[in-house]
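# What the coordinates show
Below, each chain spelled out in residue letters.
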Amino acid sequence: MQRISRLGHNRGEVVGPRSRDEFQRSLKITPGGSMRAAPFFAPHPPYAVSGAGCWITDADGSKVFDCENNFFSLVHGHAFPPVIEALHNVLDDGTAFGLPTTSETRLAEAITTRSPKLEQVRFTSSGTEAVMFAVKAARAIRGRPMIAKFEGAYHGAYDYVEVSLDSAPNNWGDSSPNSVLYASGTPPSTAADVLVLPYNEPKSCRELIRKHHERLAAILLDPVASRVGMVPIEADLREVIQDCCNRYGTLLVIDEVVSYRVGFHGAHATFGFEPDLVALGKIIGGGLPVGAVAGPASHMAIFDHTKGKPAVSHGGTFSANPLSMTAGLAALQAYTKDAVARLNQMGDTLRSEAIEQLRRRELPAQVTGMSSLFRLHLKAEVVRNYRTSFPSALQKAALAKVHRAMLERGFLMTPNCSGALSTPMSETDIQDLAAALVDAVQEVWKQSPWD
Ligand SMILES: Cc1ncc(COP(=O)(O)O)c(C=O)c1O
């Protein structure tokens, strides 16, 4: 397969006429012509028609090599045969029941077997719900109203966890970050119950947690948060967080909706955390909608409905639907220790190749990430957290150009130039991806330097 011009369109054209027509039609029936904000990029993305392995075919018959994998959820790429086969086997039996199914127990067992610290599981239909229920559970368990989260971190759409998701130099404050509301109309009182912590600044974090610990139910942490810069948590901060949780009885809630993939036993095990609750999603659904809250049975008892109204009620019409459960089990079974190790190795190769080539060409850019996750930053200074990753206006515009330049080369990344590898990828694909990324950065740098 040729590396350059994988798309069938003329070079410089990343969207064909059928996608253009479809977008015009879509503009009439949904705001901005897009059902989700995240995949949108100007003028509009191509429409996907089918996927197989690493490739997506669009409405105009062109193929793109997918490094986005539906926002990191498809660890085996598209139409993974074991998932498709498992779904075919159950599809004729019905899609959702107001009764439990054995498939939910099987997937929960697969998760608890991989991660012994997670003794019990409750499924949801999305990561947003998983985080929301984990936060509600933590507040109920501790009887405290406040949560702490890291500046810039994305944890889904619950009001509280959106605080300081996109704070900026004009409002983020000093080393004790302001709690900045995200969506217009969010009740201002929300900010009063969210402590915002600066990532990889252990001294400030310890001081802030100490100051607020009496009201603090939980610390919500994604140890490789994409929007915080996709930088793995540093050892000093990890120790401070675990120590403060032990000292003050604050619960540690780990958001592994994305980062579960970094290790066979999950991110909490990779980083050596003792989690009180973990939020899961994405890859545990095998490409179908999913989320889960998991943790020790003593904490999960907060959801127990058998003795009357539970402390925290948890429902969801499509929670634990058998299709998501079946697809998730097939995907997890194939994400073996060997598969995890191979994918992690390919991620290391991608990052080190790209970083080395960027350095050799003296381009002010770097690639962060961990395991099979990566993110490009158009910055020379080391990215350690949200503030050091925060792009200037020029850098933001240049990132959009790199994203487009990658599409012209036939590679799809997220609009902020991050991505996740999938198991059907080969070593050659990784070399091609690294080369394309550096090429795209160089092309944009020559046209419109950002430094
Ligand atoms: C770290 C993290 N937490 C939670 C979520 C929310 O998951 P979902 O989109 O399934 O609601 C996401 C989604 O991208 C995420 O990246």
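If you look the protein chain up in an unreviewed UniProt entry, it shows as Aspartate aminotransferase family protein from Mesorhizobium tamadayense. As its UniProt record puts it under Cofactor (unreviewed entry), the protein chain is described as follows: "pyridoxal 5'-phosphate". The annotation that UniProt attaches to the protein chain under Sequence similarities (unreviewed entry) is "Belongs to the class-III pyridoxal-phosphate-dependent aminotransferase family."

Another aspect to go through is the site of the ligand. Around the ligand, the neighbouring residues are Ser126, Gly127, Thr128, Tyr154, His155, Gly156, Asp222, Asp255, Val257, Val258 and Lys282. Measuring from an oxygen atom of the ligand, one finds a backbone N or O atom of Gly127 at 2.8 Å. Residue Thr128 places a main-chain N or O atom 2.8 Å away from an oxygen atom belonging to the ligand. When the ligand sits alone it has 380 Å² of accessible area, and the protein chains cover 77% of it. For the shell around the ligand, the class distribution of residues is 3 nonpolar, 5 polar and 3 charged.

Spatial ordering of the open sheet is given by 1-2-3-13, a layout of 4 strands whose pairing is mixed. Each edge of the sheet is formed by a strand with only one pairing partner; in this case those strands are strand 1 (48-52) and strand 13 (411-412).

Here we take up the nonpolar core. Within the largest apolar cluster, 97 residues are counted, with the highest numbers of intra-cluster contacts made by Ile111, Phe123, Phe150, Ile284 and Leu376. Broken down by element, this core gets its largest block of residues, 9 residues, from helix 15 (residues 427-447). Domain assignment of the residues forming this core places at least three in each of domain 1 (17-66 + 336-447) and domain 2 (81-334). If sequence neighbours within four positions are ignored, Phe150 has contacts with Val196, Leu197, Pro198, Tyr199, Cys205, Ile219, Leu220, Leu221, Leu237 and Ile241. Judged by nonpolar contacts, the second largest core, of 26 residues, contains Val131, Val135, Val163 and Ala217.

Tracing the backbone through its elements, the reader meets Glu68 in the loop between strand 3 (63-66) and helix 2 (69-72). For Glu68, which is buried and forms no salt bridge, the nearest opposite charge comes from Arg36, at a distance of 6.5 Å.

To continue, consider the packing of aromatic side chains. Considering all chains together, one arrives at 10 aromatic pairs under this definition. Measuring from centroid to centroid gives 6.0 Å for Trp172 and Tyr386, while their planes differ by 70 degrees, and the two rings are edge-to-face. Of the two residues, Trp172 is situated in the loop between strand 5 (146-150) and helix 6 (189-192) and Tyr386 in helix 13 (residues 386-389); the sequence distance between them amounts to 214 residues. Both residues of the pair, Trp172 and Tyr386, count as buried. Centre to centre, the rings of Trp172 and Phe390 are 5.2 Å apart; their planes meet at 80 degrees, and the pair counts as edge-to-face. On the criterion of sequence distance, the pair formed by Trp172 in the loop between strand 5 and helix 6 and Phe390 in the loop between helix 13 and helix 14 (393-408) is long-range, its members being 218 residues apart. Taken together, Trp55, Phe65 and Phe411 form an aromatic cluster joined through their ring pairs. Here the guanidinium or amino end of Arg114 rests over the ring plane of Phe264, the centre of that ring lying 4.0 Å away. Note that Arg227 overlies the ring of Tyr154, its terminal NZ or CZ placed 4.7 Å from the centroid.

Our focus in this paragraph is the domain arrangement of the protein chain. Domain annotation of the protein chain identifies domain 1 (17-66 + 336-447) and domain 2 (81-334). If you average the C-alpha positions of domain 1 and of domain 2, the two centres end up 26 Å apart. If you look at the interface, domain 1 gives 25 residues, while domain 2 gives 35 residues. Interface area, domain 1 with domain 2, both sides summed: about 2300 Å², of which 56% is carbon and sulfur. Three residues stand out in domain 1 for area buried against domain 2, namely Arg384, Tyr386 and Arg387, and they jointly supply 34% of the buried area on that side. For the pair domain 1 and domain 2, the interface holds 3 salt bridges. The shortest N-O distance in the salt bridge between Glu234 and Arg384 comes to 3.0 Å. Connecting domain 1 to domain 2 are 19 residue pairs in polar contact (both at pLDDT 80 or more). With 5 residues, helix 12 (residues 337-360) is the largest single contributor of residues to the side of domain 1 that touches domain 2. For the side of domain 1 that touches domain 2, the class distribution of residues is 11 nonpolar, 10 polar and 4 charged.

About the thresholds
Residue numbers here run from 1 along each chain, matching the order of that chain's written sequence. The predicted nature of this model means local features are confined to residues of pLDDT at least 70 and side-chain atom pairs, given and counted, to a pLDDT of 80 or more, with totals for whole chains, interfaces and linings taken over all residues. With hydrogens and water stripped out, all remaining heavy atoms of the structure feed into the side-chain values. UniProt positions are given in the numbering used here, feature names are shortened, and annotations may be inferred rather than shown by experiment. Note on terminology: near, applied to a residue and a molecule or strand, indicates that one of the residue's heavy atoms is within 4 Å of it. The definition of a polar contact used here is a pair of N or O atoms within 3.5 Å, where within protein one atom must be able to donate a hydrogen and the other to accept one, and adjacent residues in sequence count solely through side-chain atom pairs. Residue-level accessible areas treat just the shown protein chains as cover; the underlying method is Shrake-Rupley with a 1.4 Å probe. For this classification, Asp, Glu, Lys and Arg are treated as charged, while Ala, Val, Leu, Ile, Met, Phe, Trp, Tyr, Cys and Pro are nonpolar and the rest, including Gly, are polar. Should DSSP find at least two bridges between two strands, the strands are regarded as paired. Numbering of helices and strands runs from the N terminus; a helix is a DSSP stretch of H or I covering at least four residues, while a strand is a stretch of E covering at least two. To define a nonpolar core, start from buried Ala, Val, Leu, Ile, Met, Phe, Trp, Tyr and Cys residues and group those joined through side-chain atoms within 4.5 Å. Only protein chains enter the accessibility calculation, which uses a 1.4 Å probe; a residue is then buried when its area is under 20% of its type maximum, exposed when over 50%, and partly exposed in between. Boundaries of every domain are those given by an automatic assignment or by a domain database. Here a residue-residue contact requires only that any non-hydrogen atoms of the pair lie within 4.5 Å. Working convention for charge: Lys and Arg count positive, Asp and Glu count negative, and His plus the chain ends are omitted. In the sections that follow, a salt bridge refers to a side-chain nitrogen of Lys or Arg positioned within 4 Å of a carboxyl oxygen of Asp or Glu. Aromatic rings from Phe, Tyr and Trp, taking only the six-membered ring of Trp, are treated as a pair when their centres fall within 6.5 Å; an angle between ring planes under 30 degrees marks them as stacked, one over 60 as edge-to-face, and anything in between as tilted. Each ring is checked for a lysine NZ or an arginine CZ that lies within 6 Å of its centre and within 35 degrees of its normal; such an atom marks a charge sitting over the ring. Defined here as a combined quantity, buried area equals the accessible surface (1.4 Å probe) lost by two parts on assembly, summed across both.

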